[in-house]
Amino acid sequence: MAAIASNVIPKPYPTTNAIVSSLRNPSSCCFALNSSLFGDKFLGKSLVASTWSIQRNRSNGSAPFRGLKPIKASSHTFDVVVVGAGIIGLTIARQFLLESDLSVAVVDAAVPCSGATGAGQGYLWMVHKTPGSDKWELAMRSRELWEMFVENVQRQGMDPLEMLGWKKTGSLLIGRTPKDSAMLKRRVDQLSEAGLRAEFLSPHDLLLEEPGLMIGKEGGAAFLPDDCQIDARRAVAFIEKVNRHFVSEGRYGEFYNEPVTTLLRSGRGEVKAVQTSKNTLYNKKAVIVAAGCWSGTLMHDLIMDSGFDLDVPVKPRKGHLLVVENFNSFKLNHGLMEAGYVNHAEGALHSSVSASGQVDAECLSISMTATMDAWGNLVLGSSRQFVGFSTEMDESVINRIWERAGEFFPTLREMSLRDFCERRKVRIGLRPYMPDGKPVIGAVPGLSSLFLAAGHEGEGLSLALGTAEMVANLVLGNPGKVDLAPFALENRCCMLR
Ligand SMILES: Cc1cc2nc3c(=O)[nH]c(=O)nc-3n(C[C@H](O)[C@H](O)[C@H](O)COP(=O)(O)OP(=O)(O)OC[C@H]3O[C@@H](n4cnc5c(N)ncnc54)[C@H](O)[C@@H]3O)c2cc1C
């Protein structure tokens, strides 16, 4: 068998996985950028905290991490410390930097994109989201914020495709049976009533949109022409650049490859600092834990000796994604998802959780998703399973994803996955799964200054900007645009005193 080119997203701890440290400069560092990503708007703001030692290496300034002097001191003070540099942590940092005068540190056990974020397929779709559900308001606000984000990029003369891998491809939720079609028609009505452009496509109309697709005569699709996608890695790199713009004002610091190990608290239970493997990061206002699927165990460890326990039931839900590079066997005009995706997510949710609330088996489910990224690579998803924190590649899961895609795109059946071996990549990530299907966003009761933002499962990219806004409003005491109540910890994260 030919050699398989794979790119497996590692665990967040570089000490146990060499791939992570090879992605970026392994030393924690922060640095200034000369970019004017936000014009003059944010220049000249007051210098809140400045403990930095930053030097550009003029002889070699091309690569972003080279030539920058790592911070040597071991204790630093910021207004806000964000734990986790996935899409959630980084967008929270961005929100504080852009919308307040506060200084922010981001600390990660590894580097950005080493968690679920780096594996994400990149759809920011509404087609599979349900109007009126607890998450709907957050989803709509996030969608609006992504639109504003993209417009802002365009206004500054940059190309969102290049900067974020952003494309307005529209999305198709595809059914193959009369039952699916009836469900999709109802969904189209609901989405239209909720204010989105949505239409039901008959098999004939669907074929005009996607000639490579085969669904038979009884299916159809819900089509949302305004749905968009990004490339998670590009978007994260861009957000990092935006954040680093504030280093020169002394308002931003990155502490990568530094797992958070301890919280320092005052006698009154106020969280004063986080301790990493190398530094103590004091916070004046807030510590926000946004550590994806690791948030549950991390919170448990961090507050272990505080006199009470908090059970944040976030679990890792492993996902494989198959990327076929330079794909040109047929054209994909939109982003696609099989209707079963919605049921699979919900079905697996219920069937995999026992009466005692424990996640039982690995419950592998595969549902077809297909997107073409900004560089002409076909991205096929995806799997869901509960296998702990393992990110090992499972060849049988990849084959199942390929076979499932072949059921929708017959051309793929004529090709062997082996033919694509040279051009294939596998992305694996651990979705932060919450048993009740919605993220947990809010203040940690009993520990003032401590906040949590985790559990976005398969929607973290699409919900990131709304989540970041919610967290910042909460910390700043601003009125929010989205109701916090459905996401609060109370009654969802068991507290044992
Ligand atoms: C295959 C796949 C496809 C997906 N596709 C999509 C999609 O198309 N659209 C969408 O909206 N969502 C998608 N998702 C979901 C999305 O990727 C996640 O919801 C999102 O990335 C979660 O972001 P996060 O920042 O919460 O977690 P993560 O990205 O996992 O980041 C958590 C970070 O915390 C760090 N950390 C852990 N422990 C510590 C510690 N002790 N100290 C410091 N740092 C620590 C980790 O190193 C990591 O960097 C997909 C997920 C997968 C797996």
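It should be emphasised that the depicted structure is a prediction, and the values quoted were computed from it without experimental measurement.

1. Looking at the overall build of the protein chain
Along the backbone of the protein chain there are 12 helices and 18 strands. Residue pairs in contact within the protein chain that sit at least 24 positions apart in sequence constitute 76% of those at least 6 positions apart.

2. Thoughts on the nonpolar core
Counting residues in hydrophobic clusters, the biggest one holds 134 residues, and the most contacted among them are Val82, Val83, Ile92, Val104 and Ile288. Residue assignment places this core across two domains, with domain 1 (16-118 + 233-313 + 437-496) and domain 2 (167-227 + 315-433) each supplying three or more. Ignoring any residue separated from it by four or fewer positions in sequence, one finds Ile288 in contact with Val80, Val82, Val83, Ile92, Phe451, Ala453 and Val471.

3. Description of the sheet that holds strand β12 (residues 335-338)
Taken in spatial order, the 8 strands line up as β4-β5-β3-β12-β13-β14-β11-β15 in an open sheet, and their pairing is mixed. Either end of the sheet is taken by a strand with one partner, and the two such strands are β4 (199-201) and β15 (424-433). When the angles between neighbouring strand axes are averaged without regard to direction, this sheet yields 25 degrees. As paired elements, strand β13 (residues 365-372) and strand β14 (residues 378-384) share 6 bridges and run antiparallel to each other. Counted as the bridge partner of Ser365 is Arg384 from β14. Contacts between helix α5 (residues 178-193) and the sheet are confined to β3 (171-175), β4 and β5 (220-224), with β5 contributing the most and set at about 20 degrees to the helix.

4. Comments concerning the environment of Ala109
With respect to the helices and strands, the residue Ala109 is situated in the loop between β2 (104-107) and α3 (136-155). Between the C-alpha atoms of Ala109 and Glu258, which are 149 residues apart in sequence, the distance is 4.6 Å.

5. Some details on unusual backbone geometry
The omega torsion across Gly381 and Ser382 is -25 degrees, close enough to zero to call that bond cis. Among the secondary structure elements, Ser382 is positioned in strand β14. Although it is not a glycine, Asn326 sits at a positive phi angle of roughly 50 degrees. Tracing the sequence through the fold places Asn326 in the loop between β11 (315-324) and β12. One non-glycine residue, Glu457, lies in the positive phi region at around 45 degrees. For Glu457, the position within the fold is in the loop between β17 (450-454) and α12 (460-476).

6. A short note on the packing of helix α2 (residues 87-99) against α12
Between α2 and α12, whose axes approach to 8 Å, the crossing angle comes to 40 degrees. In terms of orientation, α2 lies oblique with respect to α12. In this structure, the crossing between α2 and α12 has a hand that is right-handed. Here Ile87, Ile88, Thr91, Ile92, Arg94, Gln95, Phe96 and Glu99 of α2 come into contact with α12, specifically with Gly460, Leu461, Ala464, Leu465, Thr467, Ala468, Glu469, Val471 and Ala472. The residue makeup of the contact of α2 with α12, split by class, is 10 nonpolar, 4 polar and 3 charged.

7. Considering the confidence of the model for the protein chain
Mean pLDDT for the protein chain: 84, with 81% of residues reaching 70 or above. Counting contacts from residues 13-72, a segment whose pLDDT is below 50, to residues more than four positions away or on other chains yields 105 contacts. Scored below 50 in pLDDT, residues 347-361 makes 16 contacts in the model with residues more than four places away or belonging to other chains.

8. Some details on α3
Over its 20 residues, α3 extends 28 Å from the first C-alpha to the last, a length consistent with the 28 Å expected when each residue adds 1.5 Å. Restricting attention to buried positions, one finds in α3 the residues Leu138, Ala139, Ser142, Arg143, Trp146, Phe149 and Val153. The arc that holds the buried residues of α3, viewed along the axis, is 135 degrees, so those residues lie on one side. In α3, the exposed positions that point more than 90 degrees away from the buried face belong to Met148, Glu151 and Arg155. At its buried positions, α3 is contacted by α4 (160-164) and α12. A positive backbone phi angle near 80 degrees is found at Gly157, which sits one or two residues after α3.

Each value, and the rule that gives it
- Residues numbered from 1 in each chain as written.
- Predicted model: local features only at pLDDT ≥ 70, side-chain atom pairs only at ≥ 80, totals over all residues.
- Helix = DSSP H or I, 4+ residues; strand = E, 2+ residues; numbered from the N terminus.
- Contact = placed C-beta atoms within 7 Å.
- Core = buried A, V, L, I, M, F, W, Y, C linked by C-beta atoms within 7 Å.
- Buried ≥ 20, exposed ≤ 12 C-beta atoms within 10 Å, placed from the backbone.
- Domains from an automatic or database assignment.
- Pairing = 2+ DSSP bridges.
- Axes fitted to C-alpha atoms, helices over the stretch in contact; angles between N-to-C directions.
- Parallel < 35°, antiparallel > 145°, perpendicular 65-115°, else oblique.
- Left-handed = near helix turned anticlockwise from the far one by under 90°.
- Nonpolar A, V, L, I, M, F, W, Y, C, P; charged D, E, K, R; others polar.
- pLDDT = per-residue confidence, 0-100.
- Expected span 1.5 Å × (residues − 1).
- Arc of directions from axis to C-beta.

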